[in-house]
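Take a look at the letters that make up each chain.
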Amino acid sequence: MTQSFSPPLVKMQSLHKSYGPAVQVLKGLDIEMKPGERVVVIGPSGGGKSTLLRVMMGLEKIDSGSITFGGKPYISATNGKTIIDTDVRRLIGMVFQHYTLFPHLNVLQNLILAPCKVRGETKASATQRAQALLDRFGLGAKAGNYPAQLSGGQKQRVAIARALMLDPKLMLFDEVTSALDPELVAEVEQVILQLAAQNMPMMIVTHDMWFAKNIASRVIFCAGGVVVEDGPPEQVLGSPKEERTKEFIDRVFHIHH
Ligand SMILES: Nc1ncnc2c1ncn2[C@@H]1O[C@H](COP(=O)(O)OP(=O)(O)OP(=O)(O)O)[C@@H](O)[C@H]1O
Ligand SMILES: [Mg+2]
């Protein structure tokens, strides 16, 4: 069989987003992501990286522009009204910088809540899948623990497992190791690298140069609300073409190494 043409996994066109009249964050952002790509987004603080991911997750409205997912309309905005296809949104999982587990539920309950509620999966089936995921992430013994009884690294691994319970076709990671003590960073990055090895498409915001180099199939430098540079990690991180990218990488990434 010949390989048929596949549409981009995500196509963002001319995204505009502002918070009130004074704060224009996305100023006509265009990004196209192919199936299987792992895109690391870097850029100055306040440049709109989190906003971009939150828009993709359907958590923020946009002023104008559109996003397709798997070739189908996902988000669009006209006359200031944002339309989101919630069935498509369910195909995307997100993990944030700050822990977002439900504090009153134990690890297992955190994992099975959405599958049982959203999809009507039986408790037995969801529990079995949850336990398998926890085992895979080295958390098998923690199923009965409450979030307050976990380390930061364990909490983030649980948050990733929880997102995976809904079988996402794209994962978004927003600085998921930034709030962690340095010795806990690696265990979370290893879990994400494990997902990468299984070809999970992802978009990742990180300030960790080692991680960016190891996880990215592509790096995008965003500043001033637009894409400034976009290319393979060796190029964008190693020998950027744009002066603004070079300055940013020298300033932000090289201090840590
Ligand atoms: N809910 C909000 N209301 C008003 N302004 C906001 C809101 N969220 C973000 N902003 C502003 O939008 C801009 C972009 O913020 P965003 O959090 O997307 O940046 P970022 O690139 O993720 O930064 P960082 O690297 O510091 O995480 C900032 O100027 C921020 O102050
Ligand atoms: Mg951010």
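Read on for an overview of the structure. (Residues numbered from 1 in each chain as written. Chains lettered and ligands numbered in written order. Predicted model: local features only at pLDDT ≥ 70, side-chain atom pairs only at ≥ 80, totals over all residues. Heavy atoms only, no water.)

## Brief notes about the packing of helix α5 (residues 152-164) against helix α6 (residues 182-197)
Here is step 1: Put simply, α5 and α6 touch, their axes get as near as 8 Å, and they point 20° apart. The orientation of α5 with respect to α6, classified from their angle, is roughly parallel. Of the two possible hands of crossing, α5 and α6 adopt the one that is right-handed. Every residue of α6 that contacts α5 at Gly152, Gly153, Gln154, Gln156, Arg157, Ile160 and Leu164 is listed here: Leu184, Glu187, Val188, Val191, Ile192 and Leu195. (Axes fitted to C-alpha atoms, helices over the stretch in contact; angles between N-to-C directions. Helix = DSSP H or I, 4+ residues; strand = E, 2+ residues; numbered from the N terminus. Parallel < 35°, antiparallel > 145°, perpendicular 65-115°, else oblique. Left-handed = near helix turned anticlockwise from the far one by under 90°. Contact = heavy atoms within 4.5 Å.)

## Let's talk about the site of ligand 1
Here is step 1: The local shell around ligand 1 holds 13 residues, among which Ser45, Gly46, Lys49, Ser50 and Thr51 are the closest.
Here is step 2: The contact in question runs from an oxygen atom of ligand 1 to an N or O atom on the side chain of Glu175, over 3.4 Å.
Here is step 3: If you list the elements that add at least two residues to the shell around ligand 1, you get β2 (23-33) and α1 (49-56).
Here is step 4: Top contributing element to the shell around ligand 1 by residue count: α1, with three residues.
Here is step 5: Each residue belonging to the shell around ligand 1 can be placed in one class, and the counts come to four nonpolar, seven polar and two charged. (Near = heavy atom within 4 Å. Polar contact = N/O pair within 3.5 Å; in protein donor to acceptor, adjacent residues only side chain to side chain. Nonpolar A, V, L, I, M, F, W, Y, C, P; charged D, E, K, R; others polar.)

## Points about the pattern of salt bridges
Here is step 1: Overall, the coordinates contain 11 salt bridges when judged by the stated rule.
Here is step 2: For Glu32, the salt bridge identified is with Lys11, shortest N-O distance 3.8 Å. Of this pair, Glu32 sits in strand β2 while Lys11 sits in strand β1 (residues 10-19), placing them 21 residues apart in sequence.
Here is step 3: A relative accessible area of 39% means that Glu32 is categorised as partly exposed.
Here is step 4: The exposure class assigned to Lys11 is partly exposed, which follows from its relative accessible area of 28%.
Here is step 5: Where Arg54 meets Glu60, a salt bridge forms, and the shortest distance between an N and an O atom there is 3.0 Å.
Here is step 6: Bridged by salt links that share partners, the residues Arg119, Glu121, Arg129 and Asp167 form one connected network. (Salt bridge = Lys/Arg side-chain N within 4 Å of Asp/Glu carboxyl O. Buried < 20%, exposed > 50% of the residue type's maximum accessible area, 1.4 Å probe, protein only.)

## What about the packing of helix α3 (residues 107-119) against α5?
Here is step 1: Contact geometry for α3 and α5: axes closest at 8 Å, N-to-C directions at 25°. One element, α3, and the other, α5, form an angle in the roughly parallel class. For the pair α3 and α5, the sense of crossing is right-handed. Along the contact surface, α3 presents Val107, Asn110 and Leu111, while α5 presents Val158, Ala161 and Arg162.
Here is step 2: Class assignment for the residues of the contact of α3 with α5 results in four nonpolar, one polar and one charged.

## Section: unusual backbone geometry
Here is step 1: A positive phi is found at Asp167, a non-glycine position, where the angle reads about 50°.
Here is step 2: Counting through the fold element by element, Asp167 comes out in the loop between α5 and β8 (170-174).
Here is step 3: Judged by its relative accessible area of 39%, Asp167 is partly exposed.
Here is step 4: Even without a glycine there, the phi angle at Glu175 is positive, about 45°.
Here is step 5: Take Glu175: it is sitting in the loop between β8 and α6.
Here is step 6: Overall, the relative accessible area of 14% leaves Glu175 in the buried class.

## What to know about the packing of aromatic side chains
Here is step 1: In the structure shown here, the tally under the stated rule is two aromatic pairs.
Here is step 2: Where Phe69 meets Tyr74, the ring centres are 6.5 Å apart and the plane angle is 75°; that geometry is what we call edge-to-face. An identical accessibility class is assigned to Phe69 and Tyr74; each is buried.
Here is step 3: Considering the side-chain rings of Phe221 and Phe248, the 5.2 Å spacing of their centres and the 40° angle between planes classify their relative orientation as tilted. Highlighted residues: Phe221 in strand β10 (residues 218-223) and Phe248 in helix α9 (residues 243-253), separated in sequence by 27 residues.
Here is step 4: Look at Phe221 and you get buried, because its relative accessible area is 2%.
Here is step 5: The class of Phe248 is buried, set by a relative accessible area of 2%. (Phe/Tyr/Trp six-rings, centres within 6.5 Å; stacked < 30°, edge-to-face > 60°.)

## A word on the sheet that holds β8
Backbone-to-backbone hydrogen bonds join strands into a sheet, with any given pair of strands oriented parallel or antiparallel.
Here is step 1: Strand order in the open sheet made by the six strands is β7-β8-β9-β3-β10-β11, with mixed pairing throughout. Two strands in the sheet have a free side with no partner beyond their single neighbour: β7 (92-95) and β11 (226-231). Pairwise comparison of adjacent strand axes, ignoring direction, gives a mean angle of 20° for this sheet.
Here is step 2: When strand β3 (residues 38-42) meets strand β9 (residues 202-205), the two strands line up parallel, connected through four bridges. In the strand pairing of β9, Val40 is matched with Ile204.
Here is step 3: Lying over the sheet, α5 contacts β7 and β8, oriented at roughly 170° with respect to β7.
Here is step 4: Running over the sheet, α9 touches β3, β10 and β11 and is turned about 100° from β10. (Pairing = 2+ DSSP bridges.)

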